[in-house]
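Next come the chains, spelled out residue by residue.
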Amino acid sequence: MFKSGNWQNAIDVRDFVLKNVTPYDGEGEFLCDASARTKHLWQLCLTAISEERANNGVLGIDNEVVSGITSHGPGYIDQEQELIVGLQTDQLLKRAMKPYGGIAVVEKACQEHGLEVSDRVKDIFNNYAKTHNDGVFDVYTPEIRLFRSLGILTGLPDNYARGRIIGDYRRVALYGTDRLIEAKKLDMLGLIGPMTDERIRLREEVAEQIKALGQLRELGAIYGLDLSRPAQSAQEAVQWVYLSYLAAVKEQDGAAMSLGNVSSFLDIYMEHDLQLGLIDENYAQELIDQFVMKLRMVRHLRMDAYNEIFAGDPTWVTEAIGGRLADGRHKVTKTSFRFLQTLYNLGPSPEPNMTILWSNSLPEGFKKFCAQVSIDTSSIQYENDDLMQCTRNSDDYGIACCVSFQEIGKQIQFFGARTNLAKTLLLAINGGRCEMTGKQVLHNIPELKSDLLDLEEVMTNFRLAMKEVGRVYNDAMNIIHYMHDKYYYEKVQMALVDTNPKVNLAYGAAGLSIVADSLSAIKHAKVQVVRNEAGISTDFKIEGDFPCYGNDDDRVDVFAKEIPAYFNKLLKELPTYKNAEPTLSILTITSNVVYGKKTGATPDGRAQGVAFAPGANPMHGRDKSGALASLSSVSKIDYKDSLDGISNTFSIVPKTLGADMEQRKENLVSIMDGYFSKDAHHLNVNVLNREMLEDAMEHPENYPQLTIRVSGYAVNFVRLTRAQQQDVIARSFFETI
Amino acid sequence: MSHLPAPIFSLKHLPVLNVHSIESLGTFDGPGIRLVFFLQGCNFKCLYCANPDTIAFEGGNPYATEDLVAMARRQQPFFGKKGGITVSGGEPLIQAKGLIELFKALKEAGFHTCIDTNGSLLNDDVKELLDYTDLVLLDIKQAQEERHRKLTGRSNARTLAFADYLAQRGKATWIRYVLVPGYSDAEEDLHALGQRIMDMPNIEKLEIQPYHKLGVHKYASLGWAYALSDVPANTAEALLKAKALFQAYVPEVVIN
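Some remarks on the overall build of chain B
Part 1 of the reasoning: Looking only at helices and strands, chain B has eight helices and nine strands in total.
Part 2 of the reasoning: Relative to the globule expectation of 18 Å for 256 residues, the C-alpha radius of gyration of chain B, 18 Å, shows essentially globular dimensions.
Part 3 of the reasoning: Along the first, second and third principal axes, the C-alpha atoms of chain B reach 50 × 45 × 35 Å.
Part 4 of the reasoning: Counting only residues that meet the buried cut, chain B has 47% of its 256 residues in that class.

What to know about the overall build of chain A
Part 1 of the reasoning: Of the regular secondary structure elements, chain A holds 25 helices and 19 strands.
Part 2 of the reasoning: The C-alpha radius of gyration computed for chain A amounts to 25 Å, which stays within 12% of the reference 27 Å derived for 737 residues, consistent with globular compactness.
Part 3 of the reasoning: Taking all 737 residues of chain A together, the buried fraction comes to 59%.

A few points about the environment of Glu252(B)
Residues and elements named next belong to chain B.
Part 1 of the reasoning: Looking at the element boundaries, Glu 252 is found in the loop between helix H8 (236-247) and strand E9 (253-255).
Part 2 of the reasoning: Spatially, the C-alpha atoms of Glu 252 and Thr 113 are 21 Å apart, while their sequence positions differ by 139 residues.
Part 3 of the reasoning: Not counting residues within four places of it along the chain, the set of residues in contact with Glu 252 comprises Glu 204 and Lys 205.

Topic: the packing of helix H6 (residues 187-197) of chain B against H8(B)
Residues and elements named next belong to chain B.
Part 1 of the reasoning: Closest axis-to-axis distance for the H6/H8 pair is 9 Å, and the angle between their directions is 30°. Compared by their axis directions, H6 and H8 come out roughly parallel. The handedness of the crossing between H6 and H8 comes out as right-handed. Every residue of H8 that contacts H6 at Glu 187, Leu 190 and Gly 194 is listed here: Ala 242, Leu 245 and Phe 246.
Part 2 of the reasoning: Taken together, the residues that form the contact of H6 with H8 break down as four nonpolar, one polar and one charged.

Digging into the sheet that holds strand E6 (residues 135-139) of chain B
Residues and elements named next belong to chain B.
Part 1 of the reasoning: The strand order across the open sheet formed by nine strands is E3-E1-E2-E4-E5-E6-E7-E8-E9, and the pairing between neighbours is mixed. Here the strands that pair on one side only, and so sit at the sheet edges, are strand E3 (61-64) and E9. The mean angle between the axes of side-by-side strands here comes to 30°, regardless of whether they run parallel or antiparallel.
Part 2 of the reasoning: Bridge count for E6 against strand E7 (residues 173-179) is four bridges, and the pairing is parallel. Its bridge partner being in E7, Leu 137 is matched across the sheet by Trp 174.
Part 3 of the reasoning: Where helix H1 (residues 65-75) meets the sheet, its contacts fall on strand E1 (16-26), strand E2 (34-39), E3 and strand E4 (84-88), and the angle it forms with E3 comes to roughly 75°.

Description of the nonpolar core
Part 1 of the reasoning: Of all hydrophobic cores here, the largest spans 232 residues; its most connected members are Val241(A) and Val515(A).
Part 2 of the reasoning: Residue assignment places this core across two domains, with domain 1 (6-129 + 160-409) and domain 2 (138-159 + 410-644) of chain A each supplying three or more.
Part 3 of the reasoning: Ignoring any residue separated from it by four or fewer positions in sequence, one finds Val515(A) in contact with Leu421(A), Ala422(A), Leu425(A), Phe559(A) and Ile563(A).
Part 4 of the reasoning: Listed in part, the 64 residues of the second largest apolar core include Phe37(B), Phe38(B), Met71(B) and Val180(B).

Overview of the environment of Pro77(B)
Part 1 of the reasoning: Within the element layout of this structure, Pro77(B) appears in the loop between H1 and E4.
Part 2 of the reasoning: Residue classification places Pro77(B) among the buried positions, given that 22 C-beta atoms sit within 10 Å.
Part 3 of the reasoning: Apart from residues no more than four positions distant in its own chain, Pro77(B) is found in contact with Gly674(A), Ser677(A) and Lys678(A).

Here we look at the environment of Glu694(A)
Residues and elements named next belong to chain A.
Part 1 of the reasoning: Locating Glu 694 in the fold gives a position in helix H24 (residues 690-698).
Part 2 of the reasoning: Residue Glu 694 is classed as partly exposed on the basis of its C-beta count, with 13 C-beta atoms lying within 10 Å.
Part 3 of the reasoning: For the pair formed by Glu 694 and Gln 725, sequence separation is 31 residues and the distance between their alpha carbons is 8.7 Å.

A word on helix H14 (residues 364-377) of chain A
Residues and elements named next belong to chain A.
Part 1 of the reasoning: The terminal C-alpha atoms of H14 lie 20 Å apart, and with 14 residues this matches the ideal 20 Å at 1.5 Å per residue to within 8%.
Part 2 of the reasoning: Along H14, the residues classified as buried are Phe 366, Lys 367, Phe 369, Cys 370, Ala 371, Val 373, Ser 374 and Thr 377.
Part 3 of the reasoning: Lining the buried residues of H14 we find strand E4 (318-322), helix H13 (334-345), strand E5 (353-358), helix H23 (661-677), strand E17 (682-687) and strand E18 (707-710).
Part 4 of the reasoning: Among the residues trailing H14, Ser 378 stands out with phi positive, at a value near 50°.

A look at the confidence of the model for chain B
Residue and element names in this part refer to chain B.
Part 1 of the reasoning: The predicted model of chain B averages 90 in pLDDT, with 94% of residues at 70 or higher.
Part 2 of the reasoning: Averaged over each element, pLDDT in chain B is lowest for helix H7 (residues 216-222) (85) and highest for strand E5 (residues 113-117) (98).
Part 3 of the reasoning: With pLDDT under 50 throughout, residues 1-13 is counted as low confidence; its partners more than four residues away or in other chains account for 25 contacts.
Part 4 of the reasoning: Reported for the predicted complex are a pTM of 0.93 and an ipTM of 0.87.

As for the interface of chain A and chain B
Part 1 of the reasoning: With 30 residues of chain A in contact, the opposing surface of chain B contributes 27 residues.
Part 2 of the reasoning: Broken down by secondary-structure element, the contributors of at least two residues to the side of chain A that touches chain B are helix H22 (627-635) and H23 of chain A.
Part 3 of the reasoning: Broken down by element, the side of chain A that touches chain B gets its largest block of residues, six residues, from H23(A).
Part 4 of the reasoning: Residues of the side of chain A that touches chain B, tallied by class, amount to eleven nonpolar, twelve polar and seven charged.

Quick look at the sheet that holds strand E16 (residues 649-652) of chain A
Residues and elements named next belong to chain A.
Part 1 of the reasoning: The five strands are arranged E4-E5-E6-E17-E16 in an open sheet whose pairing can be described as mixed. The outermost strands of the open sheet, each flanked by one partner alone, are E4 and E16. Averaged over all pairs of adjacent strands, the angle between strand axes in this sheet comes to 30°, irrespective of strand direction.
Part 2 of the reasoning: Two strands pair when backbone bridges link them, and E16 and E17 are joined in this way by four bridges, in the parallel orientation. In the strand pairing of E17, Phe 650 is matched with Val 685.

Looking at the pairing of E1(B)
Residues and elements named next belong to chain B.
Part 1 of the reasoning: Among the eleven residues of E1, ten are classified as buried, and the element is accordingly described as predominantly covered.
Part 2 of the reasoning: Here E1 runs beside E3; their pairing, made up of four bridges, is antiparallel. Paired with Val 19 across the bridge in E3 is Asn 61.
Part 3 of the reasoning: Of the strand pairs in this sheet, E1 and E2 are connected by five bridges, and their pairing is antiparallel.

With respect to the domain arrangement of chain A
Residues and elements named next belong to chain A.
Part 1 of the reasoning: Under the domain assignment, chain A is made up of domain 1 (6-129 + 160-409) and domain 2 (138-159 + 410-644).
Part 2 of the reasoning: On a C-alpha basis, the centres of domain 1 and domain 2 stand 32 Å from each other.
Part 3 of the reasoning: Listed per partner, the contact involves 48 residues of domain 1 and 35 residues of domain 2.
Part 4 of the reasoning: Elements represented by at least two residues in the side of domain 1 that touches domain 2 include exactly helix H7 (170-190), helix H8 (197-222), helix H9 (234-251), helix H12 (306-309), helix H15 (385-392) and strand E8 (404-407).
Part 5 of the reasoning: If you tally residues by element for the side of domain 1 that touches domain 2, the top one is H8, at nine residues.

Structural notes on the packing of helix H17 (residues 455-487) of chain A against helix H20 (residues 554-572) of chain A
Each pair of packed helices gets described by two things: the angle between the helix axes and the distance between those axes.
Residues and elements named next belong to chain A.
Part 1 of the reasoning: Where H17 contacts H20, the axes come no closer than 9 Å and their chain directions differ by 45°. Looking at the two axes, H17 sits oblique to H20. In the crossing of H17 with H20, the sense of the turn from one axis to the other is right-handed. Two secondary-structure elements touch here, H17 through Arg 463, Met 466, Lys 467, Gly 470 and Asn 474 and H20 through Tyr 566, Phe 567, Leu 570 and Leu 571.
Part 2 of the reasoning: When grouped by side-chain class, the residues that make up the contact of H17 with H20 number five nonpolar, two polar and two charged.

Details of unusual backbone geometry
A negative phi angle characterises most non-glycine residues, just as the trans form characterises most peptide bonds.
Part 1 of the reasoning: Residues Gly193(A) and Pro194(A) are joined by a peptide bond in cis, for which omega reads 5°.
Part 2 of the reasoning: Tracing the sequence through the fold places Pro194(A) in the loop between H7 and H8.
Part 3 of the reasoning: With an omega of 10°, the peptide bond between Gly89(B) and Gly90(B) qualifies as cis.
Part 4 of the reasoning: Mapped onto the fold, Gly90(B) is located in the loop between E4 and helix H2 (96-108).
Part 5 of the reasoning: A positive phi angle, near 65°, is found at Asn393(A), a position not held by glycine.
Part 6 of the reasoning: Note that Asn393(A) resides in the loop between H15 and strand E7 (397-400).

Thoughts on the pairing of strand E8 (residues 203-210) of chain B
Residues and elements named next belong to chain B.
Part 1 of the reasoning: Summarising the sheet, E7 and E8 pair through seven bridges and their orientation is parallel. Its bridge partner being in E8, Val 178 is matched across the sheet by Gln 209.
Part 2 of the reasoning: For the handedness criterion, the β-α-β arrangement of E7, H6 and E8 is classed as right-handed.
Part 3 of the reasoning: Two elements, E8 and E9, share three bridges in a ladder whose sense is parallel. Its bridge partner being in E9, Leu 206 is matched across the sheet by Val 253.

Reading the values: the criteria
Residues numbered from 1 in each chain as written. Chains lettered and ligands numbered in written order. Predicted model: local features only at pLDDT ≥ 70, side-chain atom pairs only at ≥ 80, totals over all residues. Helix = DSSP H or I, 4+ residues; strand = E, 2+ residues; numbered from the N terminus. Rg over C-alpha atoms; globule rule 2.2 N^0.38 Å. Buried ≥ 20, exposed ≤ 12 C-beta atoms within 10 Å, placed from the backbone. Contact = placed C-beta atoms within 7 Å. Axes fitted to C-alpha atoms, helices over the stretch in contact; angles between N-to-C directions. Parallel < 35°, antiparallel > 145°, perpendicular 65-115°, else oblique. Left-handed = near helix turned anticlockwise from the far one by under 90°. Nonpolar A, V, L, I, M, F, W, Y, C, P; charged D, E, K, R; others polar. Pairing = 2+ DSSP bridges. Core = buried A, V, L, I, M, F, W, Y, C linked by C-beta atoms within 7 Å. Domains from an automatic or database assignment. Expected span 1.5 Å × (residues − 1). pLDDT = per-residue confidence, 0-100. Right-handed = clockwise from strand over helix to strand, strands pointing away.

Printed below as a string of structure tokens:
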């Protein structure tokens, strides 16, 4: 039924896609509206979502059953109308406990919603089973704890699941679980002695994977489906992929659990069935609408504090759409359009986190359609396919979490949140002491000779501080991932990845724009430290002008380029668990607000407590030469030094893009073409009016689906905290008068 | 503390242009995405001017032509098929001599060039500058002399002569017309303009610029009075009506 290839002899989904995909060069005129069934189901979802919002953000919690692949009976929205079935629990939006990350967090999350974890589960996890969180804190060193509590390292996945690993969910549709089990068993046969730590660990992991594949087959049986065999229709392909993803989000509550790049794979089945007249376009769209609807209903049980770092209850079901194949063809299919069309059929939404893999050589019709979707919904983001393909050497990749490249089925990532570079700079200025508490953090930083800051002296200290911070960060990361593998291993996801994959250790850094502007101020103006009686900096007096990052001015942009390069180099010198290859991201999620709170006044003139710019963005209001100068500045950060991703969030008033829709689409396409041809990595696009956001703050009930892009992901605006909402509104909205 | 990019001033790279500000994403000043240089200084003082801070001849930042060309080169990837550089103001033709060097260099580098002008200056420098100009955005404030004086304090004779000159040279031109309620939106105003330009085949487009007060706060900071504070914004109906009326005279009419 499909063109033959190596995919028949080995587990090789890429080969299947390559041989069978039908690139589509046209526009979106073929697309269909939501069917009556879809509308009916979505209405039920919307009702559940509004009840959830009214009920303090959580509709229900199962406090009895520990979640696992087969833990719950079948759940439906309205079974008769559902083409694609499966829920995480037996009831829509009911959340389940996943205590292997840490029981305390689950208990707290339940208590915040007036529930207690059942005695049985408490007993098991407090007295018998050990969790990831227990393991990490057993071995954390005092300095890691100090770095964590002072906010030098933030958001480490040490009390929740690390996420970021993408299973190749396509494999289940293409091969069925029986064949996948067979392949893993064969791998196991090859994993023979000598029985080193590594080898023993891998054998145990593969054994777990094989069990998980069996459970995945059982999950199918719960819904009356036979996942042991390959999918035989478009409907089955979508269903098989979804159930495999569902198994992952039943087993794990990773911060970000991406879907991968399933759309063009599914298109092959759609095309097949359409060609044979088995389905029509209406039905094809219905399958994708219902699939996406299910992805929008994924929930994890989180405690309130989690929101400070990852606001708006995100799940990061990131789906990468478009891009090219290594043979020069592009991978845009009709199903790429169908995925985007869900933003019209079901309305705007942060999830799934649709990411366009942009190449200047993508067909114009698709580019314009993407631009239109951005202008209408602000729900999608863009990444540079040309850049990632040639730097990372793969054309079959997804986006892990927000912005990070991950070859599907061949590589995984160990997520590690981020460190605060602005605070690290202050350590360099304060003899290694924390500027907020006065605590001695680093012990090798000399006091500055003069309070009139000298660039060379500050840089020397800053380099020392980065090295120390990097060392402690590396220690924390190795501990976290060792323990996560040990106590909260991603069985079903890893069952859908090659045995012994390549691993990236994904570090992150925040506060880059503050550091760049601070160093620029020190170099180009006169910056005097104001210290309290204990000798700790409380403020900085700046005399004279200095160039700011975000104006396409090399005198300052050079710092934004060099600092990540230097920090990345330091990280690469450190030993890693499982020989993971270190990568660095310039990304903050929404934690730019909490970072700001934890960081004192900085030499760029930023006052204590003021929010950081998100990701690699210039600081709010300092990019004064218009949007493109700002984009040009960000594009100078070299992707090779920040392979985990360089996030940039771009907000623009619709009118600034042009007088009418046609011009706006054209101009947005030109902006993206220009930005990415400058080797920039990522762009969030918001096309919104500030007034609308202000109104949404006052009347959230009128904007249940208002979606905005934040650093690397999209979020329901009304689900942000007030401080985060204010931060979004305070950012640079490019407008012209 | 200033966050504006500092101009790079070096005597060896004369001529130098006096620049008020630079917009890297111009979408209303010519085709496609434009890098817009707003020059400092204007010989008009229109009552509704949205950029009154560009009127004075003092102030502004000196930029070497070479640096502006470098800026254009850096921004080139964003221009797509249509975009390019627009010089606006202020009144850019006052600095025509310096602009000749800039536009010559820009044309050599293959950029699309555009000037947004009130058309009140036509000397040899301006004529030479037009050799390197792909498109002129000609702001005609009013086609009726008396009402032009009321709005700008000056005669419109030079502007209209400039339009004739462009027509004679066959220079691609877009007419820009601000529709100020009570000052330039009467039917006879529109007919007068339409009749004046209807036989000029070089005019590709007429852009109706709705009247807005977004620049009014700048008057307060300059310590100037804003004479049109009682003038309301255009109604959608009035804009559409003006558009329909102009369509009888010009091939393409848009509301910006």
